[in-house]
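The primary structure of each chain is shown beneath.
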Amino acid sequence: MGLAFALAVPGSAMAQDASHPVIPGYGAIMPAHDVASMPDPSLRYHVAFEVTRTGTDDAQINPALDRVARFVNLLGASGVRPAPGDIVVVIHGPATPAILNDAGYQARFHRANPNTRLIEELQRAGVAIHVCSYALANQKIERNAVAKDVIIDLAAMVTLANLQLKGWAVIPG
């Protein structure tokens with residue numbers, strides 16, 4: 001089953017472990033038995049994560065992004081694989097620097113962005129990463145400093161309202 005699952009998941013590394021069935025190295029999950037409210041393969045998961053929090057150390061990955069990876073891993077462990085773009089991360093507020101490319105992060109924090117690989121793995125798993133243009137302006141982040149394939153939206157509140165009005169579940173954090 002594990003090998004069949006790894007082969008069926010495009011872009012995933014072979015031989016994923018049980019703690020990271022979709023996103024290697026991030027969003028660790030643990031085995032759970034005799035629990036309720038498991039992922040439902042009959043549902044289409046349209047989920048937006050509002051990411052505003054940041055960690056206490058700019059050398060560590062953003063814990064809210066790791067939480068998104070855990071959600072993807074929880075779904076994957078149950079054989080649920082959302083279509084590309086069905087999970088969206090909307091970043092704004094203090095979390096905004098997480099989307100800096102390595103050069104931009106280096107200039108600001110004097111180190112490579114610890115979130116780069118996690119963002120790439122999320123994108124490889126089909127998660128769309130969005131950032132608020134107002135948050136970029138407030139944080140004085142230029143467009144050319146935004147990580148590859150991160151979508152710049154007008155405003156996080158517009159994106160979140162649009163998704164909610166279309167029936168998406170929004171998970172704050």
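Model, not experiment: these values are computed from the prediction.

S.K.: How should I be thinking about the sheet that holds strand 1 (residues 47-51) in this particular structure?
M.R.: Strands belonging to one sheet form pairs held by backbone hydrogen bonds; the direction of such a pair is parallel or antiparallel. Reading across from one edge, 4-3-2-1-5 is the order of the five strands in this open sheet, with parallel pairing throughout. If you trace the sheet from one side to the other, it starts and ends with strand 4 (151-153) and strand 5 (169-171), each paired once. Each neighbouring strand pair of the sheet contributes to a mean axis angle of 25 degrees, computed without reference to strand direction. Two strands pair when backbone bridges link them, and strand 1 and strand 2 (residues 87-91) are joined in this way by five bridges, in the parallel orientation. Among the inter-strand pairings, Val51 is bridged to a residue of strand 2, identified as Ile91. This element, helix 2 (residues 63-77), spans strand 1, strand 2 and strand 5 of the sheet and lies at about 175 degrees to strand 2.

S.K.: It is not clear to me how the confidence of the model for the protein chain should be interpreted in this structure. Could you clarify?
M.R.: Residues at a pLDDT of 70 or more form 91% of the protein chain, whose mean pLDDT is 91. Within the model, the stretch residues 1-15 combines pLDDT values under 50 with 15 contacts to residues more than four positions away or in other chains.

S.K.: Would you explain the packing of aromatic side chains in this entry?
M.R.: To describe a pair of aromatic rings, you give the distance between the ring centres and the angle between the ring planes. One pass over the full model with this rule turns up three aromatic pairs. Between Tyr45 and Phe71, the aromatic rings sit 6.3 Å apart at their centres with planes inclined by 70 degrees, giving edge-to-face as the arrangement. A residue pair is termed long-range when its members are at least 10 positions apart, and Tyr45 in the loop between helix 1 (2-8) and strand 1 and Phe71 in helix 2 qualify at 26 residues. The class for Tyr45 is buried, based on a relative accessible area of 16%. Judged by its relative accessible area of 16%, Phe71 falls in the buried class.

S.K.: Sorry if this is basic, but what is going on with the environment of Met157 here?
M.R.: The topology assignment puts Met157 in helix 6 (residues 156-165). Take Met157: its relative accessible area is 68%, and that puts it in the exposed class. Residues Met157 and Pro63 lie 94 residues apart in sequence; the distance between their C-alpha atoms is 21 Å.

S.K.: Would you mind going over helix 6 with me for this structure?
M.R.: One full turn of an α-helix is made of 3.6 residues, so residues set three or four places apart face in the same direction. Looking only at helix 6, the buried set comprises Ala156, Thr159, Leu160 and Leu163. Along helix 6, the residues classed as buried sweep out an arc of 95 degrees about the axis, all on the same side. Exposed and oriented more than 90 degrees from the buried face of helix 6 are Met157 and Leu165. The elements touched by buried residues of helix 6 are strand 1, strand 2, strand 3 (128-132), strand 4 and strand 5. Backbone geometry just downstream of helix 6 places Gly167 in the positive-phi region, at approximately 95 degrees.

S.K.: What should I look at first to understand the nonpolar core in this one?
M.R.: Most often, soluble globular proteins have nonpolar side chains that are buried together. Counting 36 residues, the largest nonpolar core has Ile23, Ile91, Ile99, Leu122 and Ile129 as its most contacted members. For this core, the secondary-structure elements that each account for two or more residues are strand 1, helix 2, strand 2, helix 4 (116-124) and strand 3. Discounting residues that sit within four places of it in the chain, Ile129 has contacts with Val89, Ile91, Ile99, Ile119, Leu122, Gln123, Asp149, Val150 and Ile151. Core analysis: the second largest hydrophobic core is formed by eleven residues, Ala48, Val88, Ala128 and Leu163 among them.

S.K.: Whenever I open this one, the pattern of salt bridges confuses me. Can you help?
M.R.: One side chain can pair with another of opposite charge once the charged atoms of both are near each other. Overall, the coordinates contain three salt bridges when judged by the stated rule. Residue Arg111 is joined to Asp58 by a salt bridge in which the shortest nitrogen-to-oxygen separation is 3.1 Å. Within this pair, whereas Arg111 is found in the loop between helix 3 (102-109) and helix 4, its partner Asp58 is found in the loop between strand 1 and helix 2, the two being separated by 53 residues in sequence. Residue Asp58 is classed as partly exposed on the basis of its relative accessible area of 29%. Among the ionic pairs, Arg124 bridges to Glu121, the shortest N-O distance being 3.5 Å. In this pair, Arg124 and Glu121 both sit in helix 4, three residues apart, roughly one turn of the helix.

Cut-offs used in this document
- Residues numbered from 1 in each chain as written.
- Predicted model: local features only at pLDDT ≥ 70, side-chain atom pairs only at ≥ 80, totals over all residues.
- Heavy atoms only, no water.
- Pairing = 2+ DSSP bridges.
- Helix = DSSP H or I, 4+ residues; strand = E, 2+ residues; numbered from the N terminus.
- Axes fitted to C-alpha atoms, helices over the stretch in contact; angles between N-to-C directions.
- Contact = heavy atoms within 4.5 Å.
- pLDDT = per-residue confidence, 0-100.
- Phe/Tyr/Trp six-rings, centres within 6.5 Å; stacked < 30°, edge-to-face > 60°.
- Buried < 20%, exposed > 50% of the residue type's maximum accessible area, 1.4 Å probe, protein only.
- Arc of directions from axis to C-beta.
- Core = buried A, V, L, I, M, F, W, Y, C linked by side-chain atoms within 4.5 Å.
- Salt bridge = Lys/Arg side-chain N within 4 Å of Asp/Glu carboxyl O.

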